[in-house]
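# Structural characterization, general
So you can see what is in the structure, the chains are spelled out below.
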Amino acid sequence: MELRINALSKTYVNGVKALDNVTLTVPPGMYGLLGQDGAGKSTLMRTIATLQEADGGEVTLGDLNVLMDKDGVRRLLGYLPQDFGVYPRVSAYEMLDHLALLKGVSAAKQRKELVEAMLQKVNLWEHRKKALTGYSGGMRQRFGIAQALLGNPKLLIVDEPTAGLDPGERNRFYNLLAEIGESVIVILSTHIVEDVMELCSKMAILHRGRVFFEGGPEDAVNALAGKVYMRKIAKAELKDYEARYKVISSKMVAGQPLIHVFSEDPLEDGFSLANPSLEDVFFTKIGGLN
Amino acid sequence: MFAELLRFELRYWLKAVMVWVFMVILGSLVFAATSTDQVTIGGSIGNTHRNAPYVIGTFYSIMGIFSMLMTTAFVNSAASRDFQYGTHQMVFSTPLKKAHYLLGRFIGSTLVAVIPMLGISVGMILAGFMPWIDAQRFGPIHWDAHLQGILTFALPNTFFVAAIVFVIAVLTRSTMASFLGTLVLLVGYIVTDVLTEDLDNERLAMLLDPFAIRTYSIMTKYWTVAERNTRALGWEGMMLANRLIWTGAGLVIFLLGYQRFSFSERSKKSKSAELESAEPAAIDIPVAQVSEGKATAWSQFAGLLKFEFWGLVKSTSFIVIMAAALMNTIPSIIFSAKEGYGNSSYPVTYFIVEVIQGSLYLFTISMITYYAGLLVWRERDARMDEIEDVTPSPTFIRYAAKFTALMGIMAILQAIMMLVGISTQTWLGYTRYQIGLYASKLFIYDFSFFVFLAVLAFFVHVLSPNKYVGYFGFVIFLVANAFVWDPLDVATRLVKYGSRPSYTYSDFFGYAPYFLTWWAFTLYWALFALLLCALTAVLWPRGKETALRIRWRNWQGEMRTAAMALGGLFLVFGAWLYYNNAVLNKLVGPKTALERQAQYEKKYKQYQKMTLPRITAIRYDIDIYPERRALRMKADQELVNNSNEAISSVHMVLDQNFDYDIQIDGARLESFDRDYGYQIYKLDPDMQPGEKRRMRYTVTREPRGIENSVRVMQLVQNGTFFNNGIAPQLGYQPEGELNDRNERRKRGLPEKDLMPALERDCTKNCMNTYLSNHSDWVSVETVISTSPDQIAVAPGSLLREWNDGGRRYFHYKVDKDSLNFYSFISAKYEVARGEWNGVKTEVYYHHEHPWNVEKMMRSIHLALDYCTKNFGPYMHKQARIIEFPRISTFAQAFPGTMPYSESIGFIARLEKPDDIDMVQYVVVHEMAHQWWAHQVIGANMQGATALSEMLAQYSSLMVMEHQYGRDQMRKFLEYEVDRYLSGRGRERLKERPLLTVEAQQGYIHYQKASAAIYYLKEMIGEDAVNRALRKTVERFAYAQPPYPTSHHLIDALREETPEHLRYLIRDLFEDITLFANRTVEATAKKRADGQYDVSIEVESKKLKADADGNEKECAMDDYVDIGAFAKPKDGKRYGETLYRERVKLQAGKRKFQFVTKEAPEKAGIDPFRLLIDRVPSDNLKKVSLSD
C-alpha cells in the first residue's frame, strides 16, 4: 500500500499559496519531509490527516480516496501534531485510555492491556498517574507518540516531533520510531536535517508550497560529491563572494564565516573540497543551484 | 520599578472585559433600584430622595458585600498570574525587589477592583435623567456624597477583602483556595451579622463590622428626612474608628503575607533521580482489536460521558459555583417556612419546591450558560482538538456525551435539593413528603426548561467563531426572548423560545387545569429543540475548516433528512396550536390589551354617575362541571327603580371570558361593544320611580381547544371558587380601568380617581357603598349542582340536598337580606360541624389539611361570643369557613361565609405557646366583618375602610387580649406598627389619617388602625369603646342609603371619651401623629430590704406629619406608660412586668424613680408599644445595676 499525492493545492483566504501542485509518492517505511517554517509541511500533514480541505488534486492511500473518505483514513491513521495542549487534571493513563476508546478499542480489558503496554514502551509507566500538565516537554512528546501508535495505524504522520527536545529525548524518540513495522507508512516532517539523514529511506524537500526534490537522501548527497567547496573568509568579504560564486550556505566557525559553494568545475583560490551533507543538498535544491 | 509595575497592572486590567462587565452589572442594579420599584437595595427609604446622600451611602456600604467576589477575581488573578502562566521564572529572575513586585500587583489590582463600584454612582446619576422617574423624588446630584461613598466604603472595604485574598493567593498559589476563602469570609460575615443582631451594645456593634454596614445604619438611625437628603457621612466619629480598625487589620494581614512570600520555587517533590533508559522498553504492543458499529458507539458514548462529567466536576469554577449555590439555597429552604408574625407554617412541599426555584435557578441557568461554552470549546481551548478530531469516532457522540454530562449534573443538583427538602421537612417533624410532587416539579416542569436552555446554548456555541461570541450571543438571546415580545405586542407563546404557560400548584387540583396546555407547548418546543439538536450535530466543528457552509456540506444523509422531517413536523404542530390559541380562543397582544382598557375608560366613564335600577332579589340556578371546567349559571333577578326619576336605559359590563344571554323586561339591546363587553339596553317604556322589573340571564363557560395561557382559574377540577362578579354588572365598573400610573399617562388618561372626599352630612353622595354601585341589601336563593363527589356551597342556609341524573344538587337561601357580594364554591371537602346557640358553625376543608380545623372552629365560637355580647346579634343561621385553592392567598368575608386560602391559616403551625395565633387572629377578624361590613357598611367615600377594617382588627385584638392577657399584646402591636412604618415609606401618593383613609391604603386601615384603636381602648376602657360600637350597630345595621361615613364612627367614639382625653380622637384619627420616645438611661440599685430602686431618664417628642411625609414637632401633653421588666424565663419572650405606670409627659427629657421587687432587666418608656414610634427599638434599655 502506498500513499500517492497528486497535484495537491491549497490557497488560504489571505491569498497565501500553502500547497502548489504537490505530487509525491510515499512507500511504506520512513519518509522525510524537509522544509523551513512556512514551507507548507504542516498544511500537507493536516490535509492528509483529514483536518483540512484541499482546493485541488487528490490523495490516495491504496484504494482509499483520502480527501473524500475521511472516516476510512481515520481508521488507519496515527497523528502527532506539531503543537498540542493537554486537559488539566487528567493523567496520562486516563488520556491514553480515552483516546484508545475513541480509536475504537471498545473492549475494556483489551484497552487496559494496550494502554499499559504503550505506557511502558515509551517509558512513562512511572508517571502514568500524574497529570499531563506536569509533564516536561520530552515526556509530552513521548505521550504524543504513544497516542499516535494506539490502534496499530497503517499511516503515521509525525509533524516536527523533535523540535525543542534535548539530544537524549531525541534519541529515545528515534528508537521508538525505528521499532515501527516496515509495512507502516511513516511521514516525518522536520526542519532538522539530521532527523532525515538518520531515519529516512526517502525524502522530499518542500519550499513555499512546492516540491523541490523527491528521492533517497543518500543518493542526493552522493550526487553532490565533488561539487561542494568550502572556504573560510572574512566577514566583510561575504557579499563579494556571494556575487562571484554560487554560495550554498555560510556558517560561523570560531567567529569567522565559513562558506560552502557549489561548483560543477573545480575551484582554486583558497577553496577546499567539502564532504557534501544533506544540508548542502537542501540549500542547493531550494536555491535552484542544481 | 514600582510605578512601572503599578502601571502595568492597571493597563492590563483596563483592557480586560471583566472590569467593565462588573461595572455594568453593579450600575444596572443601582440604576434599577433608583429609578424603578422593581429592585430594592437595603430596604425601604421612606420619603427620602431616591438619590439622596443617605441612599448613596447605603448602596455603597451594601454593595461591598456584592463586590467581594469581584475583588477576589481581580486580586487572585494578579497574585497568581505569574504562576499560572509560567512567567514567574522569567519575572523572578529579574532584579525585582519583593516590595515593588507585591505592592505593584496588590495596589494595582485593588485599585482596579474599586472601579466597578463606581458603577454605583454612574447608575444612580443616570437614573436621574430617565423620563419615567418621578422628579419629585429626586434631589440635586451630591458629588460630595458620591466621593464619600468611595472614600468611606469602596476603598477601605475593597482593601480589606483584597488583603485577605492576596495573602491566600500568594501563599497557596491556588485559585480555588482564594475563592473558597472569600466564600468563607462571606458566610462568616453573614452568620456573625445574624448572631449580633440583638446586640445591645451598639458601640461594639459599630466597631465589629468590617464593611461598616451596621455602623452606617446605626449612625444614621436618627437622621431626619432633611438630613438624609443633604448630609454625607465620612470618616467621622465611630465610622472613623471603624475604618481605622479594619484598614489597619487589612494592613496587618497584607504584611503577614508579604513577610512569608518568597520568590523561590516551592520545593516540588524531589524528582526521582533515575536515569531513564534511552531504549524503549522491550515489550510488544498487543495488537488491539479496533471495532466500530453500534456497540462500539455506545461504549464510546459511555466512556466520553464519564470523561466529560468528571472534567466538569473537578474544575475549580464548578466547585466554587456549586458551593455558592448550595450555600444560598439550603439556608433558604431551612429558614423559609415562616409566615407572618414570625410564626411558621407547616413546611409543605409545594412551598419548598418554590423556594428551590427562587433561590437555585439563577445559579442553574448561570451554570448551563457557562458550562455549555466550556464543553463545546473544551478540545479547542486545551489544543487537543487535532488529536481528538482525527480519531474515527462519530462526531455526534461527542455532542451527545457533553450534553448528557451537563444535564446529568443538573439532574444530580435537583436530586440533592430534593433530599435537602425532604430532610428539612423530616427535621421539622413533617412527613407528608409528596414525592410525586417533588419529582414532577423538579424533574419535569423545571428540568424541561433547563433542557431547552442547554440545547440552545450548545447550538449557539457551535455556530459561533469563538467562546465569547457564543456567550454573548446566548445571553443576548435570552434577554431578548424575555423582554422583546411585550413591546412588540406579541402574546403568543409560539415565538417565545421554551415558553410554557405559568402554573400554580394546589393540593386541591395538582396541576390538572394546566396539564393539556402545558404539555401541548412542551411538545411544540421539544420538537424545535430536537430540530436544534439535529442541526447542532450536523454543524459540530471537526478539523480545521470552520466555515459553516463547509460543515453543512460535509454532513449528508440521515441527519439532514431527520432535521428536515423534524422541521416539518414542528411547523405543522405549531400551526395547529396557533389555530387553537388564536382562532378557537381569543388572543390579544399585551399592548392591545392595555389599549383596550384605556379605551373602555375613555368611551364609557362618562356614564359612571348614571342612575340605574337596583337589584333587590336574585334566584340562581347554577350547574358546575368540574372535570370539564365548565359552568352554566342562570339567574332571575328583580330590579327596582329606587330613584325619583325615570330610567330610560340600562348599561351592562360583561366578563370577556364568559358567554352571556340576557333578557330584561321591556328592554332591547341597543349596542354591544364586544371589545369591551359593554352593552347598552334601551328601556321601552321607561322604568318609572318605584317600578319593579325582572331580568333573566345565563352565563356560560365551555372551554374550547387549547389556550395560550390558562385562564378562568375560578373553574377547576377541584376547588371551583367564583363570586357573583361573573354576573353581568349593572353600570360602568371602575375596576376595569388601567391602574398603572405610567400606562395611564402614556395613553393620555388623567390620574386614577381616588375615593370621593369625605363629607360630613352627605346624602346624595352616600347612596352607594364602597363595595357596590348596583345593589343595597338583596335576598338570594340558589340551586346549585355539581359532580356527585363534590360539595357545592352557596350563601345562606342549606334547605335541601339531593341527587339526580348523576349529579348532586343543593338548595340554599340567605337568612337575612345582605350585601350583593358572595361566592359559589364546589370541591371535594371534609366538613367539620359545630354549633353555637343554634348557629351552625362549619369548616369545609381539604382532607389533607386538618391541622388547624379545630382551632378555626374554636375561633368562630370565640368571635361569636365576643361580637354578639358587645356589638349586636348575628343574623345568619350559619358561619362557614371554606378552604379554596391557593391561586389567591387571602381570606374574605361574605355574608355568613368566609373563604380562606389553602396556603394561609390551614397550613399555619403554632410552635410556641406565646406565639401569636395567626389562625385565630384572621378567623376572628373575618367573623367580625359580619358586623363591620355586612351589617354596618360605609358609603363610597374616604374613610369607609376604617369603618370595616379597623373595627374588624379591634375585634380580633380584643379576643386575643382576653385570651393571652394585656401584657402579650405588645408583640402584636410591634409587628403592626413596623408594617405601618414601612408602608409609609412605600406610599406613592399621599398618606391620609384614618378618618379619610383611601381604600388601597392597607398599611393605614389595617396596621395603623390596630394600634390606634387599641391605644384608645387603653385610655378610655374597653367598655366605653364597645358602647360606641354598639350604638353604631344599632343605628346603621342593614340601614338603607344614605350610608354611614367614618365621621359617624369617630363621633360615636368621641361621645364616649372624657373631655380631658378628647385630644386623642384628633391625634389618632384626624391627624397623622408620631412619637420619638426613647430611654436615655436606666439604672437600679439594690436596697437593704432586697427590693430595687430603679431610676430612668426618658426623652419624648411628639410629631405630626403632613400628607407628603414632612414631620413637624408639636406640643405634647400626653399620657404615656413607663415600666420595668424582669429577665424572661427560659423559652419566654417577655419577662414579668415589675412595674407599670401611666404618666403625663411633655416634650423633652424627664427622670422617673420607682421601686421593683426584684432586679429589673429592662426598663423604659412606652414598653407596651401603645404609641406609634418612629424608632421603636429604643424605648426600653438594659438596666445597669449599681451596688
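Residues numbered from 1 in each chain as written. Chains lettered and ligands numbered in written order. Predicted model: local features only at pLDDT ≥ 70, side-chain atom pairs only at ≥ 80, totals over all residues. Heavy atoms only, no water.

Time to look at the packing of aromatic side chains. All names here are of chain B. A full pass over the atoms with the stated rule returns 76 aromatic pairs over all chains. Geometrically, the ring pair formed by Tyr361 and Phe450 is edge-to-face, given 5.0 Å between the ring centres and 90° between the ring planes. In this pair, Tyr361 sits in helix H16 (residues 349–382) while Phe450 sits in helix H19 (residues 435–463), placing the two residues 89 residues apart along the sequence. According to the relative accessible area criterion, Tyr361 is buried, its value standing at 7%. Relative accessible area serves as the criterion here: at 2%, Phe450 is assigned to the buried category. Relative to Tyr503, the ring of Tyr445 has its centre 5.0 Å away and its plane inclined at 55°; by these criteria the two rings are tilted. Here Tyr445 is found in helix H19, whereas its partner Tyr503 is found in the loop between helix H20 (467–483) and helix H21 (515–539), with 58 residues between them in sequence. Classification of Tyr445 by relative accessible area gives buried; the value is 7%. A residue is classified by how much of its surface remains accessible, and Tyr503, at 23% relative accessible area, is partly exposed. (Phe/Tyr/Trp six-rings, centres within 6.5 Å; stacked < 30°, edge-to-face > 60°. Helix = DSSP H or I, 4+ residues; strand = E, 2+ residues; numbered from the N terminus. Buried < 20%, exposed > 50% of the residue type's maximum accessible area, 1.4 Å probe, protein only.)

What follows is about the sheet that holds strand S26 (residues 1102–1105) of chain B. Residue and element names in this part refer to chain B. Strand order in this open sheet of three strands is S23-S26-S27, and the pairing throughout is antiparallel. Edge positions in the sheet fall to strand S23 (1072–1075) and strand S27 (1111–1114), since each of these pairs with one other strand and no more. Averaged over neighbouring strand pairs, the angle between their axes works out to 35° when direction is ignored. Where S26 and S27 come together, four bridges link them in antiparallel fashion. Each bridged residue has a counterpart across the sheet, and for Lys1104 the counterpart in S27 is Lys1112. (Pairing = 2+ DSSP bridges. Axes fitted to C-alpha atoms, helices over the stretch in contact; angles between N-to-C directions.)

Residues and elements named next belong to chain B. Taken in spatial order, the four strands of this open sheet run S29-S28-S31-S32, and their pairing is antiparallel. The sheet terminates laterally at strand S29 (1137–1145) and strand S32 (1180–1182), the two strands that pair on one side only. With direction set aside, neighbouring strand axes in the sheet form an average angle of 20°. In this structure, strand S28 (residues 1118–1125) lies alongside strand S31 (residues 1162–1165), joined through four bridges in antiparallel fashion. Bridged to Ala1124 within S31 is Ala1163.

Turning our attention to the packing of H19(B) against H20(B). All names here are of chain B. Put simply, H19 and H20 touch, their axes get as near as 8 Å, and they point 140° apart. As judged from the angle between their axes, H19 and H20 are oblique. In the packing of H19 onto H20, the handedness of the crossing is right-handed. On the side of H19, the interface is formed by Leu453, Leu456, Ala457, Val460 and His461, while H20 contributes Lys467, Gly470, Tyr471, Gly473, Phe474, Phe477 and Leu478. A class-by-class count of the residues in the contact of H19 with H20 yields eight nonpolar, three polar and one charged. (Parallel < 35°, antiparallel > 145°, perpendicular 65-115°, else oblique. Left-handed = near helix turned anticlockwise from the far one by under 90°. Contact = heavy atoms within 4.5 Å. Nonpolar A, V, L, I, M, F, W, Y, C, P; charged D, E, K, R; others polar.)

Residues and elements named next belong to chain B. With 14 residues, helix H3 (residues 53–66) should cover 20 Å at 1.5 Å per step; its first-to-last C-alpha distance of 20 Å lies within 8% of that length. By the criterion of burial, H3 is predominantly enclosed, with 12 of the 14 residues buried. Looking only at H3, the buried set comprises Pro53, Tyr54, Val55, Ile56, Gly57, Thr58, Phe59, Tyr60, Ser61, Met63, Gly64 and Ile65. (Expected span 1.5 Å × (residues − 1).)

All names here are of chain B. This structure, assessed with the given rule, holds 80 salt bridges over all chains. With a shortest N-O distance of 3.3 Å, Glu842 and Arg833 are connected by a salt bridge. Put simply, Glu961, Arg966, Asp967, Lys1017, Glu1018, Asp1121, Arg1140 and Arg1142 are held in one network by salt bridges that share partners. (Salt bridge = Lys/Arg side-chain N within 4 Å of Asp/Glu carboxyl O.)

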